[in-house]
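Residues per chain are reported as follows:
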Amino acid sequence: MRVLAFYSFKGGVGKTSAAVNVAAEAARDGVPTLLWDMDPQAAASWILGHDDGLESGAGKLFKGKVPIGREVVPTGIEHLHLLPADRGYRHLDNLLQKRDAPADILAQLLRPLSEVYGLVVLDCPPSFSRLSGALFRVADLLAVPLLPSPLSLRVWHQLRQEFRDNNLPRKRLSPFLSMVDRRRTLHREWLATEPPPVRRQLSTWIPSASQVERMAVERGPVRAYAPRAAVTAAYRNLWLELDRRLSELPQRNPV
Ligand SMILES: Nc1ncnc2c1ncn2[C@@H]1O[C@H](COP(=O)(O)OP(=O)(O)O)[C@@H](O)[C@H]1O
Ligand SMILES: [Mg+2]
């Protein structure tokens with residue numbers, strides 16, 4: 001089982017949209033996939049048709065008092081299951097404070113899922129926190145959406161610095177450009193001037209497209225209602241690229 005986290009400490013950059021669409025593409029390829037919505041705002045859960053929280057609540061889940069599989073719900077998409085968000089995730093950092101190291105708690109939670117799933121996609125909340133520290137250690141790959149702007153690039157450099165400071169392998173970071181709008185001068189300029197070392201790492205671009213905004217209304221991945229849209233093909237390519245990167249990395253054992 002591979003663990004793919006969509007992460008940035010910035011909000012509104014396209015994490016949830018990418019997590020849902022990439023998870024749906026993996027499921028389309030027949031990979032038994034679980035999307036774990038870790039953001040208390042619950043956008044991914046809503047898009048995948050689920051508007052309640054967890055049955056037993058975040059506290060019981062993180063204390064290991066309920067088997068994680070019991071909280072999983074179907075999504076209406078073949079091979080794709082959802083572990084819904086919960087309001088209790090607002091206090092996740094407290095829950096991760098209790099006993100073992102946060103990364104060990106997360107790894108223990110993920111372990112039983114490997115009997116059922118080939119891929120777990122994590123839709124992360126936008127923060128630097130105990131949870132993100134644990135994710136950096138447990139996820140096989142962190143997919144990081146970046147807007148084509150100088151500020152967004154600072155996010156990238158800070159994240160790389162965080163990895164460097166903590167001796168974490170930077171090859172587990174995979175940036176991609178998100179919400180690219182070539183009609184916007186700033187985006188065009190950025191794409192034209194950004195130095196090659198940065199550009200080389202950003203092979204897949206997700207265009208800015210109204211079909212993505214409609215996900216919250218249609219309540220599904222873009223392929224479900226816009227199968228021929230360019231952005232659907234872009235999410236497909238993103239999945240294929242991340243899948244390739246995942247297969248090149250040594251798998252982490254979430255134990
Ligand atoms: N490629 C895109 N094109 C247009 N709108 C997008 C795109 N990606 C995301 N959005 C919109 O931007 C907002 C934030 O996206 P979201 O995926 O929720 O970001 P995050 O999870 O990083 O906060 C949402 O309203 C979403 O519909
Ligand atoms: Mg989100």
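As a reminder, the structure under discussion sits directly above these lines.
A word on the overall build of the protein chain. The helix and strand tally for the protein chain stands at 13 helices and eight strands. In terms of C-alpha radius of gyration, the protein chain reaches 17 Å, essentially the compact-globule figure of 18 Å for 255 residues. C-alpha atoms of the protein chain, sized along the principal axes, occupy 50 × 45 × 30 Å. Counting the 255 residues in the protein chain, one finds 54% classified as buried. Long-range contacts, defined here as pairs at least 24 residues apart, represent 78% of the contacts in the protein chain between residues at least 6 apart. Where the 35 positive side-chain charges of the protein chain centre and where its 26 negative ones centre are 4 Å apart.

Turning our attention to the sheet that holds strand 2 (residues 33–37). Reading across the sheet, the eight strands line up as 3-4-2-5-1-6-7-8 and stay open at both edges, with mixed pairing between neighbours. Of all strands in the sheet, those bounded by a partner on one side alone are strand 3 (73–74) and strand 8 (205–207). Relative to strand 8, strand 7 (residues 173–180) runs parallel, the two sharing two bridges. Pairing of Val180 across the sheet is with Pro207, part of strand 8.

Within helix 6 (residues 130–138), seven of the nine residues are buried, which leaves the element mostly enclosed by the surrounding structure. Among the residues of helix 6, those classed as buried are Leu131, Ser132, Gly133, Ala134, Leu135, Phe136 and Val138. Structurally, helix 6 contributes buried residues whose contacts are with strand 1 (2–6), helix 4 (92–95), helix 5 (102–110), strand 5 (119–123), strand 6 (141–146) and helix 7 (150–165). The opening residue of helix 6, the one whose side-chain oxygen lies 3.3 Å from the backbone nitrogen of Leu131, is Ser129.

Turning our eyes to something else, we now look at the packing of aromatic side chains. Across all of its chains, the model carries seven aromatic pairs by this definition. On the numbers, 6.3 Å between centres and 80° between planes, the contact of Phe6 with Phe176 is edge-to-face. In this pair, Phe6 sits in strand 1 while Phe176 sits in strand 7, placing the two residues 170 residues apart along the sequence. Both rings, one in Trp36 and one in Phe62, keep their centres 6.1 Å apart while their planes meet at 45°; by these two values the pair is tilted. In this pair, Trp36 is assigned in strand 2 and Phe62 in helix 3 (residues 58–62), connecting sequence segments 26 residues apart. By the burial criterion, Trp36 is buried, and Phe62 matches it.

So, on to the packing of helix 5 against helix 6. The N-to-C vectors of helix 5 and helix 6 enclose an angle of 65°; their axes lie 8 Å apart at closest approach. In this structure, helix 5 crosses over helix 6, and the sense of that crossing is right-handed. Seen from helix 5, the contacting residues are Pro102, Ala103, Leu106, Ala107 and Leu110; seen from helix 6, they are Arg130, Ala134, Leu135, Arg137 and Val138. When its residues are assigned to classes, the contact of helix 5 with helix 6 shows eight nonpolar, no polar and two charged.

For the structure on display, the rule yields nine salt bridges. Close ionic contact of Asp140 with Arg172 constitutes a salt bridge, the shortest N to O distance being 4.0 Å. Residue Asp140 is found in the loop between helix 6 and strand 6, and its partner Arg172 is found in the loop between helix 7 and strand 7; the two are separated by 32 residues along the sequence. For Arg172, a relative accessible area of 6% corresponds to the buried category. The network of salt bridges with common partners includes Glu25, Arg28, Asp29, Arg223 and Arg236.

So, how was this worked out
Residues numbered from 1 in each chain as written. Chains lettered and ligands numbered in written order. Predicted model: local features only at pLDDT ≥ 70, side-chain atom pairs only at ≥ 80, totals over all residues. Heavy atoms only, no water. Helix = DSSP H or I, 4+ residues; strand = E, 2+ residues; numbered from the N terminus. Rg over C-alpha atoms; globule rule 2.2 N^0.38 Å. Buried < 20%, exposed > 50% of the residue type's maximum accessible area, 1.4 Å probe, protein only. Contact = heavy atoms within 4.5 Å. Lys, Arg positive; Asp, Glu negative; His and termini not counted. Charge placed at Lys NZ, Arg CZ, Asp CG, Glu CD. Pairing = 2+ DSSP bridges. Polar contact = N/O pair within 3.5 Å; in protein donor to acceptor, adjacent residues only side chain to side chain. Phe/Tyr/Trp six-rings, centres within 6.5 Å; stacked < 30°, edge-to-face > 60°. Axes fitted to C-alpha atoms, helices over the stretch in contact; angles between N-to-C directions. Left-handed = near helix turned anticlockwise from the far one by under 90°. Nonpolar A, V, L, I, M, F, W, Y, C, P; charged D, E, K, R; others polar. Salt bridge = Lys/Arg side-chain N within 4 Å of Asp/Glu carboxyl O.

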